[in-house]
Amino acid sequence: KPDEYGSPEDLFDEIRWYIHRYLDVSPAFERIATAYVLLTWLYDRFKELPYLRLRGDYGSGKTRFLQVVGAITYKPIFASGASTVSPLFHLLDTFRGTLIVDEADFRFTDEKAEIVKLLNNGNAAGMPLLRTIVSAEKEYNPRAFAIFGPKLLATRGSYDDRALESRFITEEMGTRALRADIPIILPDSQKAEAQALRNRLLLYRFRTWHKATTVPYFFERAVEPRLKQIFVPLMSVVDDLELRAELEEIAAQYSNQATLDRGLTLEAQLLECVSALWEDAGSTGVTVKAIADEFLERFGTEYDNRVTTKWIGGLVRRRLQLATRKSRGSYVIPLEETPKIDRLVEKYGIANVPPSPDKTVVVPLDNQDPTDEPVIEA
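Definitions and limits used
Residues numbered from 1 in each chain as written. Predicted model: local features only at pLDDT ≥ 70, side-chain atom pairs only at ≥ 80, totals over all residues. Heavy atoms only, no water. Pairing = 2+ DSSP bridges. Helix = DSSP H or I, 4+ residues; strand = E, 2+ residues; numbered from the N terminus. Axes fitted to C-alpha atoms, helices over the stretch in contact; angles between N-to-C directions. Contact = heavy atoms within 4.5 Å. Salt bridge = Lys/Arg side-chain N within 4 Å of Asp/Glu carboxyl O. Buried < 20%, exposed > 50% of the residue type's maximum accessible area, 1.4 Å probe, protein only. pLDDT = per-residue confidence, 0-100. Phe/Tyr/Trp six-rings, centres within 6.5 Å; stacked < 30°, edge-to-face > 60°.

Observations regarding the sheet that holds strand 6 (residues 151–155)
(1) Moving on: In space, the five strands of this open sheet follow the order 2-3-6-1-7, with parallel pairing throughout. Of all strands in the sheet, those bounded by a partner on one side alone are strand 2 (76–80) and strand 7 (168–172). Strand after strand, the sheet turns through a mean of 15° between neighbouring axes, direction not considered.
(2) Moving on: Of the pairings in the sheet, the one linking strand 2 to strand 3 (residues 98–102) comprises five bridges and is parallel in character. Residue pairing in the sheet places Ile77 in a bridge with Leu99 of strand 3.
(3) Moving on: Docked against the sheet, helix 2 (residues 27–40) engages strand 1 (51–55), strand 3, strand 6 and strand 7, running at close to 140° with respect to strand 1.

What to know about the pattern of salt bridges
A side chain with one charge may pair with a side chain of the opposite charge, provided their charged atoms come close.
(1) Moving on: One pass over the structure, following the stated rule, counts 22 salt bridges.
(2) Moving on: Residue Asp24 is joined to Arg179 by a salt bridge in which the shortest nitrogen-to-oxygen separation is 3.8 Å. Residue Asp24 is located in the loop between helix 1 (8–22) and helix 2, and its partner Arg179 is located in the loop between strand 7 and helix 7 (188–208); the two are separated by 155 residues in the primary sequence.
(3) Moving on: A salt bridge links Arg55 to Glu165; its shortest N-O distance comes to 3.9 Å. Taken as a pair, Arg55 in strand 1 and Glu165 in helix 6 (residues 162–165) lie far apart in primary sequence, 110 residues in all.
(4) Moving on: One connected set of salt bridges, linked through shared partners, spans Arg53, Arg55, Glu165 and Glu172.

Thoughts on the sheet that holds strand 8 (residues 286–287)
(1) Moving on: The three strands are arranged 8-10-9 in an open sheet whose pairing can be described as antiparallel. Both edges of this open sheet fall to strand 8 and strand 9 (325–327), since each of them pairs with a single strand only.
(2) Moving on: Two elements, strand 8 and strand 10 (residues 330–333), share two bridges in a ladder whose sense is antiparallel. What sits directly across from Val286, in strand 10, is Ile333.

Some points on the environment of Ile72
(1) Moving on: Of note, Ile72 is situated in the loop between helix 3 (62–70) and strand 2.
(2) Moving on: For Ile72, a relative accessible area of 0% translates into the label buried.
(3) Moving on: Separated by 57 residues in sequence, Ile72 and Ile15 place their C-alpha atoms 8.7 Å apart.
(4) Moving on: For Ile72, the contacting residues outside a window of four places in its chain are Ile15, Tyr18, Val37, Trp41, Ala194, Leu197, Arg198 and Leu201.

Side note on the confidence of the model for the chain
(1) Moving on: Model confidence for the chain is summarised by a mean pLDDT of 83, while 88% of its residues fall at 70 or above.
(2) Moving on: Per-residue pLDDT, averaged within each element of the chain, yields its smallest value for strand 11 (residues 361–362) (40) and its largest for helix 7 (96).
(3) Moving on: pLDDT under 50 marks residues 358–378. Its contacts with residues more than four places away, or in other chains, come to 27 contacts.

Here we look at the pairing of strand 10
(1) Moving on: Two elements, strand 9 and strand 10, share three bridges in a ladder whose sense is antiparallel. Paired with Lys326 across the bridge in strand 10 is Tyr331.
(2) Moving on: In this structure, the hairpin formed by strand 9 and strand 10 is closed by a connection of two residues, where Arg328 is found at a positive phi of approximately 55°.

Regarding the pairing of strand 1
(1) Moving on: Here strand 1 lies mainly inside the structure; five of its five residues are buried.
(2) Moving on: Of the two faces of strand 1, the one lined by Tyr51, Arg53 and Arg55 and the one lined by Leu52 and Leu54 are each fully buried.
(3) Moving on: Where strand 1 lies against strand 7, five bridges are found, and the strand directions are parallel. Counterpart to Arg55 in the pairing with strand 7 is Glu172.

Focus on the packing of aromatic side chains
(1) Moving on: Across all of its chains, the model carries nine aromatic pairs by this definition.
(2) Moving on: With centroids separated by 5.7 Å and ring planes inclined at 45°, the aromatic side chains of Phe29 and Phe65 adopt a geometry described as tilted. With Phe29 in helix 2 and Phe65 in helix 3, this pair connects stretches of sequence that are 36 residues apart. Here Phe29 matches Phe65 in class, with each residue buried.

Observations regarding the environment of Ser158
(1) Moving on: For Ser158, the position within the fold is in the loop between strand 6 and helix 6.
(2) Moving on: In this structure, Ser158 is in contact with Arg53, Arg55 and Glu165, ignoring residues within four places of it in sequence.

Shown next, in the form of structure tokens:
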């Protein structure tokens, strides 16, 4: 039943202290979780949502977090990693609530691929999951399942899908000793507290839903667009300017970490080679052959397969999405791709790097005849 809660600030503090009594998480994540609880009760007023994820080994408190915080979210749907995906999207479509999944690593490849698809599409409104349903008359009927909504997950590791990883706000569990005042077993009073808070949150939804909207927020720090998308809804449900600034700081840290993570990938290595050769590009651009030679010089020992020009050309087109064209018998990245390369260099955090020493670079001349020998510069 709806119950009086006072001001939104009073409700925020009450939720935060409830979380603090039973959970040992970082102060920043404690505030994020509090704001996320409020967001779950207004989520259907927004177009994009973040997910909360607890990551850590067994015994680190992940399940406790899901029990405590999940109990006060909007229409919680609890599930375990042993669940199949089909009932998950049926339940989401029926109740339109908060999905809470423990041990969400999903051992089997097929199930893991399905949950990744569900999570990748479930944070944006208007992207239903399409399935064929067999009717009692044995007819095959297409049906769209609504899977948009807030989600809390606990995992031991990370997902291979980097797009999905960018949708999580993650707390690393088990990194410090447990606070002495945390109860080892949840007392019965916790259920009563959760029920009382749900009653207050129901009235909060009745009073706030019609006026809840995305608050235009200007990020003073460098934050990726995807992270802005998922942090702005959290900022929109709190009026505390200090908390908004704290959320912006966390978003900036996530953005920096994402850049660092990208810097360790194959794409980053390839882009480093392109960047190193780009300043000395001729009028037609940089040849794929030169990039392959540079890659072999820098990173060839890291790859078992033979680094070939064909392999590098495929990576340039598929992974970096850079266009190539044939010029004087060789495939090149044309100079028209410079703006795209600049954006990629910024995205991957690639510093300006010189070409590998003691290498020769083919520098095509504007007036060189295609039949002439290439000009070689040391």
